[in-house]
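# Secondary and tertiary structure notes
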Number of protein chains: 2
Amino acid sequence: MDYMVNSLILECPLFRNARRDELTPILNQMQLQPRSFEKGRLVALRGDRVEGLKLLLRGSLSAEIPSPSGKVLKVETLTAPCTVAGPLAFAAENYLPVQLTGLEDGLLLSIPEKQSLVLLSSQPEILKAYLGDCGNKINFLSEKIRLFQFHSLSQKIAHYLLGLVEKQKSSQIRLPMTMETLSDLFGVARPSLSRSLGNLVDQGTLERRGKEFFIPDLEGLREMLED
Amino acid sequence: MDYMVNSLILECPLFRNARRDELTPILNQMQLQPRSFEKGRLVALRGDRVEGLKLLLRGSLSAEIPSPSGKVLKVETLTAPCTVAGPLAFAAENYLPVQLTGLEDGLLLSIPEKQSLVLLSSQPEILKAYLGDCGNKINFLSEKIRLFQFHSLSQKIAHYLLGLVEKQKSSQIRLPMTMETLSDLFGVARPSLSRSLGNLVDQGTLERRGKEFFIPDLEGLREMLED
């Protein structure tokens, strides 16, 4: 059993660059026991305290916000293997902002805080991966806030693309996230995003070049922000 | 010189719970050299890459966003001792989102990534403090995004207070942040926030009890969200 649990833990992206031979004895000593959950069952409540790392080892979970009327607003789907709730466990207000419901049967592992810190400190590669995820999350949320100043989706896209041009120092840019994540960033459904990008291509403001985009007329994009 | 630098480093909140006797030999070995800066001078440009921990050891910095027109939008003041830029250094897009200008003469220390990871891993108390700051930042940004769904300031406040009631499981709540941070959360100037809270007190929706607030009529607060 322990052997299987440890090999599932090692599948998590958090350990993608870790040296397994050094990690295995640490995990063996911790004797971690995941909790199994069934499809359709509530696994954690909104407001539950998170104390330490949570790893989804198998199956998938729906992260949802329940409303007083009984309706449920789905926030995201978590699919194993992955980390759940990020560094929230270490925040002063360490409450889970969503409830978790099983979408498929699965296994969820909660690692107590003390052991989580030991695990994260055990190899610089693990800590770097974890802090990278934190940094990416903060970047994503900050960008989402910056985009609130624009009302239309095309302005949001223009602002975002100009930011990429500035960062990548080129008019030919690569999108650093999936279309799924990008629609979440803009707060729209995926088809709306595709349509809006399609319009920019039709107008000649944007050119698709394989996996990248080329912007022939930066000035045109800047003018869109002034409306 | 090194002795002075190390004692300034130990002043940083990041090391507030650290065992100094264990930290000092590690710092001595690292031979870190801070860079001094003068009042009024640009210390870092927007778009500069951040690679590792940045600690402001002395003085203060203004974090600003320059606009193409040459105007500068001030984002925040950083006062020593503090950490600059958080876990951004570890993100896939590790660009500084602001420029940094000296408000007073000071000392800024950049710790290379490898040494930063050694430092953070050296004691669970240090890692816990750092991850706590990351978690708090993520909570703050997420809450700010949730509040965008409300148009008026009083609705934002009502939503926020109801969230605190839920988390603290009591109608008597304590505000977990300063008025300064709270006005940033709501995206308003501090006097507007004080005025709006004052109105809620005048209406009888809110009662001040020393450092805490009591909400006599939760239903009234909930109704404010429905307008």
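Relevant structure appears above.
The notes below deal with the structure included here. Every residue gets a number counted from 1 within its own chain, in the order that chain's sequence is written. Lettering of chains starts at A and numbering of ligands starts at 1, both following the order in which they are written. Totals for whole chains, interfaces and linings use all residues, but because this is a predicted model, local features are given only for residues with pLDDT of at least 70 and pairs of side-chain atoms are given and counted only at 80 or more. Hydrogens are left out, water is left out, and the side-chain values use all remaining heavy atoms of the structure.

### A closer look at unusual backbone geometry
All names here are of chain A.
- Following A80, the chain continues to P81 via a peptide bond in cis, the omega torsion being -5°.
- The way it works is that DSSP assigns letters per residue, a run of H or I at least four long becomes a helix, a run of E at least two long becomes a strand, and they are numbered from the N terminus. Along the chain, the position of P81 falls in the loop between β5 (72-79) and β6 (82-84).
- Even without being a glycine, Q31 presents a positive backbone phi close to 45°.
- Assignment of secondary structure puts Q31 in the loop between α2 (20-30) and β1 (35-37).

### Remarks on the relation of the copies chain A and chain B
- The superposition of copies rests on a least-squares fit of C-alpha positions from residues with pLDDT of 70 or more in both. Mapping chain A onto chain B is achieved by rotating through 180° and translating by 0.0 Å along the same axis, at an RMSD of 0.1 Å. Overall, the copies show the geometry of a two-fold rotation axis. No C-alpha of chain A lies nearer the rotation axis than that of A:S121, which sits 2.3 Å from it.
- An overlap of 100% is found between the interface residues of chain A and their copies at the interface of chain B, pointing to a shared contact surface. Contacts: residue pairs with any heavy atoms within 4.5 Å of one another.

### A closer look at the packing of helix α5 (residues 153-168) of chain B against helix α6 (residues 179-186) of chain B
Residues and elements named next belong to chain B.
- Between α5 and α6, the shortest axis-to-axis distance is 11 Å and the interhelical angle comes to 115°. For the pair α5 and α6, the sense of crossing is right-handed. Within the contact between the two elements, α5 uses L153, K156, I157 and Y160 and α6 uses L182, L185 and F186.
- Only Asp, Glu, Lys and Arg are considered charged in this grouping, and only Ala, Val, Leu, Ile, Met, Phe, Trp, Tyr, Cys and Pro are considered nonpolar; every other residue, Gly among them, is considered polar. For the contact of α5 with α6, the residue count by class is 6 nonpolar, no polar and 1 charged. Only the stretch in contact is used when a helix axis is fitted, and all axes are lines through C-alpha atoms; the angle between N-to-C directions ranges over 0 to 180 degrees. Put simply, a crossing is left-handed when the front helix is turned counterclockwise from the back one by less than a right angle, and right-handed when it is turned clockwise.

### Side note on the pattern of salt bridges
Residues and elements named next belong to chain A.
- Salt bridges, as used here, are contacts in which a Lys or Arg side-chain nitrogen is within 4 Å of a carboxyl oxygen on Asp or Glu. This model, assessed by the stated rule, comprises 18 salt bridges over all chains.
- Put simply, R19 and E125 hold a salt bridge, and the shortest N to O gap is 3.3 Å. Of this pair, R19 sits in the loop between α1 (2-10) and α2 while E125 sits in helix α4 (residues 124-147), and the two are 106 residues apart along the sequence.
- A relative accessible area of 33% means that R19 is categorised as partly exposed.
- We call a residue buried when its accessible area falls under 20% of the maximum for its residue type, exposed when it is over 50%, and partly exposed in between, using a 1.4 Å probe and counting protein chains only. By relative accessible area, E125 is classed as partly exposed at 27%.
- For E143, the salt bridge identified is with R146, shortest N-O distance 3.1 Å. With a gap of 3 residues between them, E143 and R146 both fall in helix α4, about one helical turn apart.

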